[in-house]
Amino acid sequence: MSVLSFRDVSVCYGSHTVLKGVSLDIAQGEIVGLVGESGSGKSTLARAAVGLAPLTGGRILLDDRPVPTRGRERPVQMVFQDPYSSLDPRMTVGESIAEAMRERLGKQARRAEIARLLALVHLDAARADDRPGRLSGGQRQRVALARALAARPEVILADEITSALDVSVQGAVLNLVREMRRELDLSLLFISHNLAVVRYVADRVAVMYDGEIVEHGPTTQVLGSPQHEYTRHLLTAVPGAAHRASAGNRHDVLSPTPKEHT
Amino acid sequence: MRAARVLLRPVGLVGFGLLVLVLLVAVFGPVLWDGRATVVDTGNLLAGPSAGHWIGTDNLGRDLFFRVLVATRLSIALALAATAISMVLGIVLGAAPLLVGRRAGRLVMGAVNVLVAFPGLLLVLFFAVIFGVGARGAALAVGLAGAPAFARLCHTLIAGISERDYIAAARIAGVSRLRILLRHALPNIAQPLIVNATMAAGGALLTFAGLSFLGLGVQAPSYDWGKLMQDGLNGIYVHPLAALGPGIAVILAGLAFNLTGEAFAAAFGIDVIPGVVRPRQVRNTPGKIRGSGATTASADAGTVLSVEDLRVTIPAARNPIRAVRGVTFAIRDGEAVGVVGESGSGKSMTALALAQLIEEPTRVEANHLVFGGEDLMAAGDPESRRKRLGTSLAVVFQDPMTSFNPVHRVGPQLAEVSRFHQGLSRRAAFARAVDRLRAVKVREPERRARQYPFEFSGGMRQRAMIGMGLMGTPRLIIADEPTTALDVTVQRQVLELLTEVRRDTGAALLLISHDVSVVTDVCDRVLVMYAGRIVEELPAQDLRTLARHPYTRALVAAVPDMETDLTKPLAVIPGLPIDPSRVPPGCAFAARCPLADDHCRAAEPRLQADAAGNRVACHKAGQALPTDTAEVTA
């Protein structure tokens, strides 16, 4: 049972406290959604897990051992928001992906592995020789996912991976995230400010406000019957809420019986 | 292509030509002319210019002209060696924060900053004393003295890209620091480094000439240009060319390096991004709109804006980019109209064209464009039109950070609108600015008006932006993705504010958004744009249920909302939008459309209105979509 576990994690920058003792578990094969407004510390939590933000307190454990942040073995990977900044413009897609692989492979084996990873994210193997400049935003984000998968991770931290994408592409990336979890049994921390997106992919949701997790539970429960004031506030702000409320006879967003996916 | 751009400039051509010449002489000079430069002509000691010796001879009767040519190799080689030393050392020092971590890196950079503060020549003399007199010592001295400047440059450049996510991604993947430097950092900063190295080489050349001239550089029997100048100095009043000849060589070679560097800097330094630079101010700059026959402004009463066959074209070398390809619509007084579409659909270009914010070389054409009863295509006094537009049209952009001038306080920036457009005094205009900030619910408006834009949060800046639009009495507010950069909760507040402003002032709203939910929340009517055209127009409340165009239906289905069925994959639109510089015949959506047939691919559908006034451009409008399209991944 692989589990990424944040235990009482604190991060301070100077006198500014970004995270105040956050505890959160991500179980094997589970997608945990993390929602909250910008500045609430969502991204910092993910960056702390991969060693990009220094911990000032608490521990981040993978299977009860500290997450390795040195050496080639990196079982926790991260995918960033902006696919235009997360791929080196001067490296081909194949080089970017190969860089994240754990072991040095021969030329043939490396090509095969790149093709396999590209196939996982529904990209043609011929794309391996393209530079990111030739790819659309959605294709780049899929390359970024393939790069994360190349490290054979146990957990992927996805930081607002669809918010820089067009709505028509967002759907494809969300489908891919659900598919990857289903087929690869991956665990994901899915950070987003879009509640509808989180509702679609996450099994459990944690709501973050001002560096603390204020509510946490199964998606249907947190979004269906929110307990914390801030969660309710977030839910009323979702665009389309007013429209649905005014459209009288349609069933209410918050209550009712959202079908749980398998 | 870039190299061609370097050579196309006169500066680049001259510089590069000179550089090639200098390098050729440096390589072949000693081979070709070494004999003639060393042959002793005892009959002509310290002679002046003559047919045999163009710039005279030295104290052993050796031909000075050929000595200058032969000296090219040593002079250039020393300059290049010193530059190489500076550059390697500079890169190592400048990359210290990346290589040894932030804390140790800060120490290194502190030391570098101290060294940068020393005058360069002082450092050179200091090192020259340490390394001793001679060519090698001089090269080391000049190289070391140049290193701090390179280190600073490298540090700045690397700091600029080490914030990029691909560096972070490489670190997460366990790539070593040295490899990150070599594979990610250096290739991405190579261009400015090379440009600077070229110029530094020119500088090093001059420094060497100076050192040798002072006797600290090259020693006899070797000679470089500085040494030749020193030798020629004694007879400067008798045979000035003996000293001036090598001096001219130094100048030519220095020019060759510096001009080439300048040309590269100009060609590489500023990337020309195709497209339009977004104007930074809400105030209207005079748009260059050319009418293709300004027709009578058939403005119905109650119509605030009407546009017919609007076209926006970005000129390009081969295929001009047709961003907007004939858009026709009208907005009634007080109405809220939404425009949705993917990026590249032309929705922002349409908004900018309407606000007259598109500048050359992008072309805007329309059969007619009437705003508030005034034909904007008609020739007339642009100044007075601009003043009227400035008070009756408000524009809100996506990124409120770039919409305000960061070095001016917010209040005066708002006040400027009234001073310029309405001729109010400074005091009255400021009072109105405070009043308007209060109207957009900025708390403590008096204090806020005296703050700078960076002291405002994103939502506050967007409010202030709307407030700026309200300095006049707008009849239309054009909002281009006003909430895309904001959090959901702040987005809600800004959208509510826009609705309130509309209720209070009766202004109409043109809201551009990629978010279908936002548009349905706020607007009365929606225009759906695809590939530079309106493909469907219908009431906002019908968008989710009664849309007839396959693209509209796909767009709505692709966005998950709080009711989306969790058991099914999301619908996606396969394929990519068309390239606006290569518009195919027929329907632009045909390649991605599950209903398309040969007729769709051959004949472009016209935008046709039905009895209710809804419009759709599709041969297959309203036909049932095949159900199995959902599994396709774009």
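Residues numbered from 1 in each chain as written. Chains lettered and ligands numbered in written order. Predicted model: local features only at pLDDT ≥ 70, side-chain atom pairs only at ≥ 80, totals over all residues. Heavy atoms only, no water.

Thoughts on the UniProt feature "transmembrane region" (unreviewed entry) in chain B
Residue and element names in this part refer to chain B.
(1) Moving on: In this numbering, the UniProt entry assigns the feature "transmembrane region" (unreviewed entry) to residues 12-33, 74-100, 107-131, 137-161, 193-216 and 236-257.
(2) Moving on: Annotated as residues 193-216, this span is 92% helix and 0% strand, and its ends, taken at the C-alpha atoms, are 29 Å apart.
(3) Moving on: Strand forms 0% of residues 236-257 and helix 82%; the C-alpha atoms that close the span are 28 Å apart. (UniProt positions renumbered as here; feature names shortened; annotations may be inferred. Helix = DSSP H or I, 4+ residues; strand = E, 2+ residues; numbered from the N terminus.)

Description of the UniProt feature "domain: ABC transporter" (unreviewed entry) in chain A
(1) Moving on: Here, the residues flagged by UniProt with the feature "domain: ABC transporter" (unreviewed entry) are residues 4-235 of chain A.
(2) Moving on: In residues 4-235 of chain A, helix accounts for 35% and strand for 26%; the two terminal C-alpha atoms are 28 Å from one another.

Side note on the environment of A256(B)
All names here are of chain B.
(1) Moving on: In this structure, A256 sits in helix α11 (residues 240-269).
(2) Moving on: Taking C-alpha positions, A256 is 55 Å from V339, a pair spaced 83 residues apart along the chain.
(3) Moving on: Residues contacting A256, with those up to four places away along its chain left out, are G15, L18, L19 and V22. (Contact = heavy atoms within 4.5 Å.)

Looking at the packing of aromatic side chains
Residues and elements named next belong to chain B.
(1) Moving on: For the coordinates displayed, the defined rule picks out 9 aromatic pairs over all chains.
(2) Moving on: For the ring pair Y551 and F589, a centre distance of 5.2 Å and an interplane angle of 70° mean the geometry is edge-to-face. Of the two residues, Y551 sits in helix α22 (residues 550-558) while F589 sits in the loop between α22 and α23 (598-602), which places them 38 residues apart along the sequence. Assigned by exposure class, Y551 and F589 land together as buried.
(3) Moving on: Ring pairing ties together the aromatic residues W33, F65 and F66, which thus form one cluster. (Phe/Tyr/Trp six-rings, centres within 6.5 Å; stacked < 30°, edge-to-face > 60°. Buried < 20%, exposed > 50% of the residue type's maximum accessible area, 1.4 Å probe, protein only.)

Notes on the sheet that holds strand β10 (residues 212-218) of chain A
Residues and elements named next belong to chain A.
(1) Moving on: Taken together, 6 strands build an open sheet; the order of strands is β6-β7-β8-β3-β9-β10 and the sheet is mixed. Looking at the sheet topology across the chains shown, the edges are occupied by β6 (76-79) and β10. When the angles between neighbouring strand axes are averaged without regard to direction, this sheet yields 20°.
(2) Moving on: The pairing of strand β9 (residues 204-209) with β10 spans 6 bridges and is classified as antiparallel. (Pairing = 2+ DSSP bridges. Axes fitted to C-alpha atoms, helices over the stretch in contact; angles between N-to-C directions.)

Observations regarding the UniProt feature "domain: ABC transmembrane type-1" (unreviewed entry) in chain B
(1) Moving on: Taking the numbering used here, the UniProt-annotated feature "domain: ABC transmembrane type-1" (unreviewed entry) corresponds to residues 72-261 of chain B.
(2) Moving on: The span residues 72-261 of chain B is 85% helical and 0% strand by assignment, and the distance between its end C-alpha atoms comes to 20 Å.

A closer look at a nonpolar patch on the surface
(1) Moving on: A grouping of L7(B), L13(B), F16(B), V20(B), L24(B), V27(B), F28(B), V31(B) and L32(B) is seen on the molecular surface, where their side chains present a nonpolar patch of about 810 Å² in accessible area.
(2) Moving on: On the secondary structure map, V31(B) appears in helix α2 (residues 10-38). (Patch = residues over 30% accessible without salt bridge, like charges linked within 9 Å, V, L, I, M, F, W, Y side chains within 5 Å. Areas by Shrake-Rupley, 256 points an atom, 1.4 Å probe, with all protein chains shown as cover. Salt bridge = Lys/Arg side-chain N within 4 Å of Asp/Glu carboxyl O.)

Describing the interface of chain B and chain A
(1) Moving on: Every contact between the two is made by 51 residues of chain B and, on the other side, 63 residues of chain A.
(2) Moving on: Roughly 5300 Å² is buried in total at the junction of chain B and chain A, and carbon and sulfur atoms are behind 56% of that figure.
(3) Moving on: Per-residue buried area on chain B facing chain A is highest for I172(B), M562(B) and L566(B); these three make up 18% of the total on that side.
(4) Moving on: For the interface between chain B and chain A, the tally reads 0 salt bridges.
(5) Moving on: Here chain B and chain A share 19 residue pairs in polar contact (both at pLDDT 80 or more) between them.
(6) Moving on: Of all the secondary structure elements, the ones that give two or more residues to the side of chain B that touches chain A are α8 (165-172), α9 (177-214), α19 (488-505), α20 (516-522) and α22 of chain B.
(7) Moving on: Take the side of chain B that touches chain A: its biggest share by element is 7 residues, from α8(B). (Buried area = accessible area lost by both parts, 1.4 Å probe. Polar contact = N/O pair within 3.5 Å; in protein donor to acceptor, adjacent residues only side chain to side chain.)

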